[in-house]
Amino acid sequence: MADASADPTVPPLVAQYLDYARFEKRLAERTLALYTLDLQKLSQQADKAGVALQQVGQHHVRRWAAQLHSQGHNGRGIALILSGWRGFYTWLGRQGLVASNPVQDVRAPKSPKPLPKALGLDEAIGLADFENEADDPWLEARDAAMVELLYGGGLRVGELTGLDAAPGKAARGWVDLEAGEAHVLGKGSKQRIVPIGKTAVAALEKWLAIRAEGQGAALSAAMFLGRYGTRLTAASVWQRLRRRSQLAGTATPVHPHMLRHSFASHVLQSSGDLRAVQELLGHANISTTQVYTRLDFQHLAKVYDAAHPRAKLPPGK
């Protein structure tokens, strides 16, 4: 980055701070370039308001942050800009040039949380029904059972890999095939019981019948094993599911949590019972589960747009 003091668009105080950041804080050139742009924005806002940089108050900063938001900047971007401004005023304070930092208690607006990605109903069922006849029967039976548990029971990947083939004192989780229930250890070491359905039970029965054929299976308590008899890792589940979804022709590579989201979204669409979905997912707070109501509304909105005659009328009619 060129010397800030040689740039006529950079106010002298800002140039001094950037030199401090470069030579004493040893910030990266990319960071310095971003700081320069953000502090030029600050200087321009101060000029428009008719105040010197040392006279900027908290009310100015709040107004300018609100303007950035109205211009389309997201919360994260505004937070980064405010961080650059905050550092500048901290430095001014150390120089005795300002009595307080006007950015200190100003926070960026929160960015809306992105909606979890969920498969459509047909895609989810298509993936669950997929059979890879070209694969090793041992791997195929294992992977099919994993998909059924992830989608049929909404399990987290850690809950899936933590399952043992049989109940026991040391078991973190297991499946009661007769009852059609998975006993899992969730977040915060909280245990819960999840119904898994007849299709998942059938897939697990098939897998358990063939599981003993793998190396070291008799020495491992784990329900899901790698080829050498060790408990399958979360990373391996991600890899196998991604491969399976690509072979099944899904529009996007699938990861385990996407099947959990699909489970929750599809149950909510069918039942409308948010509390039940909360219990099934093992969420401590209903607010965590409420994100699926947004997914459900999106689904309903698409149905309306596609089917309702009033949705197709031109504007103003």
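Preceding this paragraph is the structure being described.
A. Here's a closer look at the pattern of salt bridges. Enumeration according to the criterion identifies 10 salt bridges in this entry. The shortest N-O distance in the salt bridge between Arg240 and Asp135 comes to 2.9 Å. With a gap of 105 residues between them, Arg240 in helix α9 (residues 234-248) and Asp135 in the loop between α5 (121-129) and α6 (137-153) connect regions that are remote in the sequence. In this structure Arg240 comes out as buried when scored by relative accessible area, which is 16%. Assessed through its relative accessible area of 13%, Asp135 is described here as buried. Its salt-bridge partner being Arg156, residue Glu159 comes within 2.6 Å of it at the nearest N-O pair. Glu159 gets classed as buried once you look at its relative accessible area, which sits at 4%. What makes Arg156 buried here is its relative accessible area of 12%. Each of the salt bridges in this network shares a partner with another, and the network as a whole consists of Asp135, Arg142, Asp143, Arg240 and Arg243.

B. Examining the pairing of strand β3 (residues 191-195) more closely. Every second residue of β3 is oriented toward a common face, the buried set being Arg192 and Val194 and the non-buried set Gln191, Ile193 and Pro195. Where strand β2 (residues 181-185) lies against β3, 5 bridges are found, and the strand directions are antiparallel. Bridge pairing in β3 links Ala182 to Val194. Where β2 folds back onto β3 in an antiparallel hairpin, the turn is made up of 5 residues, including Gly188, whose phi is positive at roughly 70°.

Conventions and cut-offs
- Residues numbered from 1 in each chain as written.
- Predicted model: local features only at pLDDT ≥ 70, side-chain atom pairs only at ≥ 80, totals over all residues.
- Heavy atoms only, no water.
- Salt bridge = Lys/Arg side-chain N within 4 Å of Asp/Glu carboxyl O.
- Helix = DSSP H or I, 4+ residues; strand = E, 2+ residues; numbered from the N terminus.
- Buried < 20%, exposed > 50% of the residue type's maximum accessible area, 1.4 Å probe, protein only.
- Pairing = 2+ DSSP bridges.

Just geometry here; none of it tells us what the structure is for.
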